[in-house]
Amino acid sequence: MIDKINELLAEVNEMKARNAEELEALRIKYLSKKGKIPELMNDFRLVPPEMKKEIGIRINELKDLAQKRMAELREQFAVADADHSDLDLTRTAYPVQLGTRHPLTIVKNEIIDIFSRLGFTLADGPEVEDDWHVFSSMNFAEDHPARDMQDTFFVESHPDIILRTHTSSVQSRVMEVQQPPIRVICPGRVYRNEAISYRAHCFFHQVEGLYIDKNVSFTDLKQVLLLFAQEMFGNDTKIRLRPSYFPFTEPSAEMDISCNICGGKGCAFCKGTGWVEILGCGMVDPNVLELNGIDSSIYSGYAFGMGIERITNLKYQVKDLRMFSENDTRFLREFESAN
Ligand code: DAH
């Protein structure tokens, strides 16, 4: 048995293979189930007990050596394979699929672009907010329905921490670190606890605007919004302001633009009225200025807030809000030319 082991040790030491097939043949010859080494192990039970220890050690050595040699030979081929001699450098490249910007990003960038030409800079704040920035600092009464569980997502076990329901929270974030003049727009994602359907989603996007300085008037607001509407929807666009209510503005208004689909004549989209609503706005309530550390006897301001999905729908007539978050590339590719 010892002789047999020595013989095999010599053979294994001499093992050579020129390619993967030869290597595989060696593996079968020595290490497969019916190979020479396992065969030897089978005979091990015939070894007299006093020799079992020594023979056992020798057989294991043989097996280790065989495995080591195989690994060495295999490595040799790997190095040879890696010399890339079969690379065809003249072959044309695979076509690269370019992505497209998301329609909401396209419209958001356009809104930012228009307002930055009017002197507005960007500001942002967290999506996971506290009650103070979303509601209290914005002059919401303690029992205002918007604070209700129906609308607001709360963080379990932290009733004070919520997902912001509007970007108006960034108004407060800005005012706490900056004194007027303030002229910012704040794009961002907001969350509301709504059942998802073609016209509502549990998250969507808004752009908030805030301008605070001495002698800011409603006329300034109206002028800026008219400019915005005409830049966004075309020079013929008309605007109208309807009185409304928001806790953080006084007076408050909602702004409609002449329907850009029928040109104001009346169609299914504007329900025959010729007008479509696009944003909420107003003069910043003096309470909001005071709550956020700005002297309302010196400063006044205006604010506005719009939904990016709404503006995008108007521009591109997307009928189902869910399309914006489903990542269907057939839908996204439709905006290729707008990029
Ligand atoms: N925060 C309001 C909303 O989510 C939108 C809004 C209305 C923002 C009037 C404003 C504003 O800044 O002045 O519906």
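Residues numbered from 1 in each chain as written. Predicted model: local features only at pLDDT ≥ 70, side-chain atom pairs only at ≥ 80, totals over all residues. Heavy atoms only, no water.

## Some thoughts on the pairing of strand S4 (residues 158-163)
Move 1: Here strand S2 (residues 128-130) runs beside S4; their pairing, made up of 3 bridges, is antiparallel. Each residue of the ladder has a partner; that of Val128, found in S4, is Leu163.
Move 2: Judged from the 2 bridges that link them, strand S3 (residues 154-155) and S4 form a sheet pairing that is antiparallel. Looking across to S4, one finds that Phe154 is bridged to Ile162.
Move 3: Hairpin remark: S3 followed by S4, antiparallel, with 2 residues in the connecting loop; positive phi at Ser157, about 70°. (Pairing = 2+ DSSP bridges. Helix = DSSP H or I, 4+ residues; strand = E, 2+ residues; numbered from the N terminus.)

## Some points on the site of the ligand
Move 1: What surrounds the ligand is a group of 15 residues, the closest being His166, Ser168, Arg192, Gln206 and Glu208.
Move 2: One of the side-chain nitrogen or oxygen atoms of His166 is found 3.0 Å away from a nitrogen atom of the ligand.
Move 3: Glu208 is positioned such that a nitrogen or oxygen atom in its side chain is 2.6 Å from an oxygen atom of the ligand.
Move 4: Here the ligand loses 88% of its free accessible area of 360 Å² to cover by the protein chains.
Move 5: Counted by class, the shell around the ligand contains 5 nonpolar, 8 polar and 2 charged residues. (Near = heavy atom within 4 Å. Polar contact = N/O pair within 3.5 Å; in protein donor to acceptor, adjacent residues only side chain to side chain. Areas by Shrake-Rupley, 256 points an atom, 1.4 Å probe, with all protein chains shown as cover. Nonpolar A, V, L, I, M, F, W, Y, C, P; charged D, E, K, R; others polar.)

## With respect to the domain arrangement of the protein chain
Move 1: Taken domain by domain, the protein chain holds domain 1 (2-82) and domain 2 (103-338).
Move 2: Computed over C-alpha atoms only, the centres of domain 1 and domain 2 are separated by 76 Å. (Domains from an automatic or database assignment.)

## Re helix H2 (residues 20-30)
Move 1: Of all the positions in H2, only Leu23, Leu26 and Tyr30 are classed as buried. Looking straight down H2, one finds its buried side chains confined to an arc of 55°; they lie on one side.
Move 2: Two or three places before Glu21, at the opening of H2, Asn19 has a side-chain oxygen 3.2 Å from that residue's backbone nitrogen. (Buried < 20%, exposed > 50% of the residue type's maximum accessible area, 1.4 Å probe, protein only. Arc of directions from axis to C-beta.)

## Focus on the packing of aromatic side chains
Move 1: Tallied over the full model, the rule gives 14 aromatic pairs.
Move 2: Measuring from centroid to centroid gives 5.3 Å for Phe115 and Phe120, while their planes differ by 75°, and the two rings are edge-to-face. Phe120 shares its class with Phe115; the two are buried.
Move 3: An aromatic cluster is built from Phe115, Phe120, Tyr211, Phe228, Tyr302 and Phe304, whose rings are joined through pairwise contacts.
Move 4: Sitting over the face of the ring of Tyr94, Arg91 holds its NZ or CZ atom 4.6 Å from the ring centroid.
Move 5: Above the face of the Phe120 ring, Arg183 is positioned so that its terminal group lies 6.0 Å from the ring centre. (Phe/Tyr/Trp six-rings, centres within 6.5 Å; stacked < 30°, edge-to-face > 60°. Lys NZ or Arg CZ within 6 Å of the ring centre and 35° of its normal.)

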